[in-house]
Amino acid sequence: MAEKTVTAPLAQLTPEMTALKERFGDAIQPAEYEGIVIANDRLLEAAQAIRDDLGYDYLSSLTGVDYIDKGYFETVYHACSIARGGSPLVFKARTPRDANAAEIPSVVSIWGSAEFQEREAYDMFGIRYTGHPDLRRILTWEGFAGYPLRKDWKEAYYEQDHKPFDSRWPGGHHVPAEERVQFHDNVTVSPETFNVESFTPEAEQLLYTGIVPIPSSGNGHGLHTDSVVVNLGPQHPSTHGVFRLVVRLSGETVEDLRPVMGYLHRNHEKIGERNTFLQNMPFTDRLDYLCSMSNNFGYALAVEKLMNVKPPERTEYIRVIMAELTRVMNHLAFCGFLTNEMGAFFTPFIYAFEERELILDLFEMASGSRMMCNYFRFGGVARDVSDEFVQRLRHLVFERLPLKTDEMENLITTNEIVRARAIGVAVLPRAAAISLGAAGPLLRASGVPYDVRKAEPYSIYDRFDFDIVTGTHGDVYDRYLVRIGEIRQSIRILKQALEQLPAGEIQTGKKAYQTRVPAGQAYGRVEAPKGELGFYVVSDGSPNPYRYHVRATGFINLGSLATMARGGKLADAIIGLGSIDTTMGEVDR
C-alpha cells in the first residue's frame, strides 16, 4: 500500500447512516469506500442506537485492519437486522497505531458475539478493547511474540511480503526455509533467553482465574459434592478435533465452561495476505474441509464485488448445485457424528458416509478432487460439468437422496435413546442465540428464521422456491430436526436447478493466472452448511489482498457453548458441542 498514491473515495451515506450523523454530529464521518467511522468517545452510544433504534440486533463480523502508512488500526463491524434482512450496516472505529495507546471501547455489552471476535483482533493486532470481560489471546498463546497481522510483523520463515516469491518464480532457486533461519526451525526466540522448564504460561493463569472452584455445600439433592475444574482435550475423541474445554463441575453438573482453541492455528489470514487473490482459492478449501465448495463460494463473491464481475448464467446454476450438494453431504455426516456422541458408535455414521461418497464422486467429476476442490474462479468455475455428471446428479436428487433421507429419519428421529438424550438438552434461548451471533442451524433451531440465502440473496437464490426450517425449543433435538429439514429443502433447490440448468459459457472474461482487483473493500457472505461464512477483503489495487479476513462460523458459534452447557450434565455438554457442528480447521484458521 505504501507504493500507492490513489485517494480512496468516501462512502455514500445511506438514510440510516445520515440519521446517525444528524444525531451524533461530527462523531460520525463517512469512511473510505463503504460505511462510517465513529469516534471512540461516542462508539458505545452509537452502537446502542444502531442496535436498539435502527434494529441491527445481530453483529455478523468484527475484525481489524492495520493501515500502517496512515498510522492507525481500524476495527470494522458488520451489523445485520434479523427482522428485515438486507445488507449489513458497516461502521468502523480507529485508534492510533501505537504499542501502548491502541485502544477501542468493547461492544461486548451490546453484542455478545463480539467477545471472541474482539479477542481475536487483540490477538492478531494488539488492539485493546477497553471494558472487555476477558481480553486474552485466543488463537495464539500468551507468550507469542508480537501481533501477527500487523504489517510490520514477520514470521520466522519470512521471505517476502507477497507471492510469487523471487526465490521460486521466475527462474528462482529455492532454498529450504530451515536452512535460511538462525535456529534451523520455525522459531525466532533464543534458547539462551527462554527456558522451557521454568516458563509458566500466563494464559493458563488468566484462564483459571475466571473459572476457579467456588465453595459448595452440595448439589441440592442431598448429596455433598465438591466444585472442581476439569480439562477435556485438547486430545479427546469427543472434542471434534484438537480442541479443549475447561469445565467447572459440581458433581457432574456444569457450573461454568470455557472453550480453548487455537491448537490448529496457522495464521490462514496472514498467508492469505501474502498470496495473490487467486492463490487464496485453494486455501479456502482447507477451512471447513468438509465443505470446500461453500468456502470457495463465499470468497469468490467477495472478490467479484470488488471486480464488479457477474458470472454467466450456467455458472450460477452450477455454483448453487455444488453449494446445495455440500449442504446435503454436511448434514448427513452431522447425523452420523451426533449419534456417535450418544453412543451409537459408527452405524448411522457409515449410513451417512455412503451418500457422502456418492456426492464426492460428483465433485471429483467436476473438479478433479474429492475434498479440496479448488473449483470456483472469479467470474466462473474451473471447468464445466459433463452430461454424465448431470445424469448421475438426476438419479441422486430425484431418486436416491429422498429415500435415504427417509431412511436416516427412520433410524434416528423416533429412536427413544436419541429423544432421551437430545430433547431439552443444551438449550439456547432465542435472544441469546441472536446476541451471541449464532448462525446457521444453531440459530434457526432457536426459532430465528434467518438464512443469508433469503435475508440477502446472492447468486440466483432468489429464483428458487424453498423454506427456512426453524425449531421451537433450541435444544439438541431441534438442531437435528432443522438439519433434516434443510436436507429436504436442498433437494428441492437441486431439483429446480436441474430443471432450469441452461447451456452456455462458464467464465466471464478470459482465464488468467493473475487477477488485478480494483482498490476497494467488500464483504461476501454465504449461508454455508454450518452457518454464515463471510470474507472481508480489502484491495489496494495490487495483485495481493491488503486485508483478508474469514468470518468463521464455527469460531463464533462456539461462543454459545457455555450458555448451552451451564446447569446441565457433563455428558450433555459433549452432545451440545456436537450439535454445534464445528470443523477445527475453520475455527482455528
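Anything mentioned here points back to the structure above.
Reading guide: rules and limits
Residues numbered from 1 in each chain as written. Predicted model: local features only at pLDDT ≥ 70, side-chain atom pairs only at ≥ 80, totals over all residues. Heavy atoms only, no water. Pairing = 2+ DSSP bridges. Helix = DSSP H or I, 4+ residues; strand = E, 2+ residues; numbered from the N terminus. Axes fitted to C-alpha atoms, helices over the stretch in contact; angles between N-to-C directions. Buried < 20%, exposed > 50% of the residue type's maximum accessible area, 1.4 Å probe, protein only. Contact = heavy atoms within 4.5 Å. Patch = residues over 30% accessible without salt bridge, like charges linked within 9 Å, V, L, I, M, F, W, Y side chains within 5 Å. Areas by Shrake-Rupley, 256 points an atom, 1.4 Å probe, with all protein chains shown as cover. Salt bridge = Lys/Arg side-chain N within 4 Å of Asp/Glu carboxyl O. Parallel < 35°, antiparallel > 145°, perpendicular 65-115°, else oblique. Left-handed = near helix turned anticlockwise from the far one by under 90°. Nonpolar A, V, L, I, M, F, W, Y, C, P; charged D, E, K, R; others polar. Expected span 1.5 Å × (residues − 1).

**Digging into the sheet that holds strand 9 (residues 244-250)**
Pairing in this open sheet of 3 strands is antiparallel, and the strands run 8-9-10 from one edge to the other. Of all the strands in the sheet, the pair left with one neighbour each is strand 8 (227-232) and strand 10 (253-260). Taken over all neighbouring pairs, the strand axes of this sheet differ in orientation by 20° on average, direction set aside. Sheet topology places strand 8 next to strand 9; 6 bridges connect them, and they run antiparallel. In the sheet register, Ser 227 faces strand 9, and the bridge partner there is Ser 250.

**Observations concerning the pairing of strand 3 (residues 58-67)**
Within a regular strand, side chains alternate between the sheet's two faces. Across the 10 residues that make up strand 3, a large majority, 10, are buried. Sheet topology note: the strand 3/strand 4 (residues 72-80) ladder contains 9 bridges and is antiparallel. Residue pairing across strands places Gly 64 opposite Thr 75, the latter belonging to strand 4. A loop of 4 residues connects strand 3 with strand 4, the two strands running antiparallel in sequence, and Gly 71 in this loop sits at a positive phi of about 80°.

**Some thoughts on the environment of Phe 353**
Position of Phe 353 relative to the elements: it lies in helix 10 (residues 347-367). For the pair Phe 353 and Ala 333, spaced 20 residues apart in sequence, the C-alpha separation works out to 6.4 Å. Not counting residues within four places of it along the chain, the set of residues in contact with Phe 353 comprises Ala 333 and Phe 337.

**Describing a nonpolar patch on the surface**
There is a patch of nonpolar side chains on the surface, built from Phe 345, Phe 346 and Ile 350 and spanning about 320 Å² of accessible area. Along the chain, Ile 350 falls in helix 10.

**A closer look at the packing of helix 11 (residues 387-412) against helix 16 (residues 476-500)**
Two elements in contact, helix 11 and helix 16, have axes separated by 10 Å at closest approach and are oriented at 165°. Judged by the inter-axis angle, helix 11 sits roughly antiparallel to helix 16. In the crossing of helix 11 with helix 16, the sense of the turn from one axis to the other is left-handed. Where helix 11 abuts helix 16, its residues Val 390, Leu 393, Arg 394, Val 397, Phe 398, Leu 401, Pro 402, Thr 405, Asp 406, Met 408, Glu 409 and Ile 412 lie against Tyr 480, Ile 484, Ile 487, Arg 488, Ile 491, Leu 494, Lys 495, Leu 498 and Glu 499. Looking at the contact of helix 11 with helix 16 residue by residue, the class counts come to 14 nonpolar, 1 polar and 6 charged.

**Some points on helix 10**
Spanning 21 residues, helix 10 covers 30 Å between terminal C-alpha atoms, matching the ideal 30 Å at 1.5 Å per step. Every buried residue of helix 10 is accounted for by Pro 348, Phe 349, Ala 352, Glu 355, Arg 356, Ile 359, Leu 360, Leu 362, Phe 363, Ala 366 and Ser 367. At the C-terminal side of helix 10, Gly 368 shows a positive phi close to 90°.

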